[in-house]
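Here is what each chain is made of, one letter per residue.
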Amino acid sequence: GENVEQHPSTLSVQEGDSAVIKCTYSDSASNYFPWYKQELGKRPQLIIDIRSNVGEKKDQRIAVTLNKTAKHFSLHITETQPEDSAVYFCAASKGGNTGKLIFGQGTTLQVKP
Amino acid sequence: DAGITQSPRYKITETGRQVTLMCHQTWSHSYMFWYRQDLGHGLRLIYYSAAADITDKGEVPDGYVVSRSKTENFPLTLESATRSQTSVYFCASSRQGDTGELFFGEGSRLTVL
């Protein structure tokens with residue numbers, strides 16, 4: 001079955017710096033890759049997603065890149081702010097409405113003021 | 001608009017007892033999911049459902065039972081709770097299954113003594 005590995009498990013940056021979180025997936029048939037943000041004590045919420053027919057997607061300060069050949073995708077946050085501090089999860093699925101969205105282990109991002 | 005709600009939010013039980021976690025959504029989403037969140041493991045899929053009366057196993061289904069007699073409800077039952085089932089459980093729903101945004105409930109924190 002699908003397996004998603006996420007690194008690093010923790011990341012600390014200074015406010016204003018960039019942060020990069022990387023994920024690898026095992027199933028080459030995967031074609032949908034969302035990223036979720038979970039603030040402390042809150043529920044996970046979708047922040048950005050990318051499909052396999054696209055190599056990069058941006059939304060203001062966040063961007064996601066996908067390398068299908070290497071089976072990895074990354075989240076990039078620029079000009080980090082204290083409110084970016086949270087746990088970030090990547091995920092992957094094969095689509096086909098199977099319902100199996102598999103998450104990575106999560107990255108705890110701390111942005112120091 | 002209540003969205004998606006879980007109950008109870010907190011539960012303490014003893015080993016061997018049966019526990020049911022409730023999940024209710026008001027959007028008429030076809031897909032519903034149960035995940036457990038444990039430190040170091042991220043979000044792991046327990047069961048999912050594509051529609052009423054259709055359920056399927058996720059990554060970690062052992063020790064859990066689900067049912068979906070109505071579109072809006074997706075209860076999760078631990079038939080004989082074990083300490084390893086101490087976790088935070090998240091229910092989620094989606095219109096598009098594994099290729100669309102998941103909307104998570106607030107979570108249910110379960111402690112098995």
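So, a few notes on the structure that sits alongside this text.

Reading the values: rules and limits
Residues numbered from 1 in each chain as written. Chains lettered and ligands numbered in written order. Predicted model: local features only at pLDDT ≥ 70, side-chain atom pairs only at ≥ 80, totals over all residues. Heavy atoms only, no water. Helix = DSSP H or I, 4+ residues; strand = E, 2+ residues; numbered from the N terminus. Rg over C-alpha atoms; globule rule 2.2 N^0.38 Å. Buried < 20%, exposed > 50% of the residue type's maximum accessible area, 1.4 Å probe, protein only. Areas by Shrake-Rupley, 256 points an atom, 1.4 Å probe, with all protein chains shown as cover. Contact = heavy atoms within 4.5 Å. Buried area = accessible area lost by both parts, 1.4 Å probe. Salt bridge = Lys/Arg side-chain N within 4 Å of Asp/Glu carboxyl O. Phe/Tyr/Trp six-rings, centres within 6.5 Å; stacked < 30°, edge-to-face > 60°. Pairing = 2+ DSSP bridges.

Some words on the overall build of chain B
Within chain B one finds zero helices and 11 strands. Taken from the N to the C terminus, the helices and strands of chain B come in the order β-β-β-β-β-β-β-β-β-β-β. For 113 residues, the compact-globule estimate of 2.2 N^0.38 gives 13 Å, and chain B sits close to it at 13 Å. For chain B, the spread of C-alpha atoms along the three principal axes comes to 35 × 25 × 25 Å. Going through the 113 residues of chain B one by one, you find that 50% of them count as buried. Carbon and sulfur atoms form 47% of the exposed surface of chain B, whose accessible area is close to 5,300 Å².

Description of the interface of chain A and chain B
Interface size is often expressed as the accessible area that is lost when the parts come together. Taken together, the contact pairs 21 residues of chain A with 23 residues of chain B. In total, about 1,900 Å² of surface goes out of reach between chain A and chain B, with carbon and sulfur atoms giving 53% of it. The tally of links from chain A across to chain B stands at one salt bridge. A salt bridge links B:Glu106 to A:Arg43; its shortest N-O distance comes to 3.6 Å.

A few points about the packing of aromatic side chains
Aromatic rings considered in pairs are described by the distance between their centres and by the relative angle of their planes. Across all of its chains, the model carries 14 aromatic pairs over all chains by this definition. Centre to centre, the rings of A:Trp35 and A:Phe73 are 5.6 Å apart; their planes meet at 70°, and the pair counts as edge-to-face. Within this pair, whereas A:Trp35 is found in strand E4 (residues 32–38), its partner A:Phe73 is found in strand E8 (residues 72–77), the two being separated by 38 residues in sequence. The exposure classification of A:Trp35 matches that of A:Phe73, with both residues buried. What links up through ring pairs into an aromatic cluster is the set A:Tyr36, A:Phe89, A:Phe103, B:Phe33, B:Tyr35, B:Phe90 and B:Phe104.

Focus on the pairing of strand E1 (residues 4–7) of chain B
Residue and element names in this part refer to chain B. In E1, alternate side chains face the same way, and those of Ile4 and Gln6 are buried while those of Thr5 and Ser7 on the opposite face are not. Here E1 pairs with strand E3 (residues 19–25) via four bridges, running antiparallel. Opposite Ile4, over in E3, you have Gln25 as the bridge partner.

Some thoughts on the pairing of strand E4 (residues 31–38) of chain B
Residue and element names in this part refer to chain B. Judged by how many residues are buried, E4 sits mostly within the fold: eight of eight residues are covered. Alternating residues of E4 divide into Tyr31, Phe33, Tyr35 and Gln37 and Met32, Trp34, Arg36 and Asp38, and every residue in both groups is buried. As judged from the seven bridges shared by E4 and strand E9 (residues 87–94), these two strands associate in the antiparallel manner. In the sheet register, Phe33 faces E9, and the bridge partner there is Ala92. Connecting E4 to the next strand, strand E5 (residues 42–51), in antiparallel fashion are three residues, including Gly40 with a positive phi near 90°.

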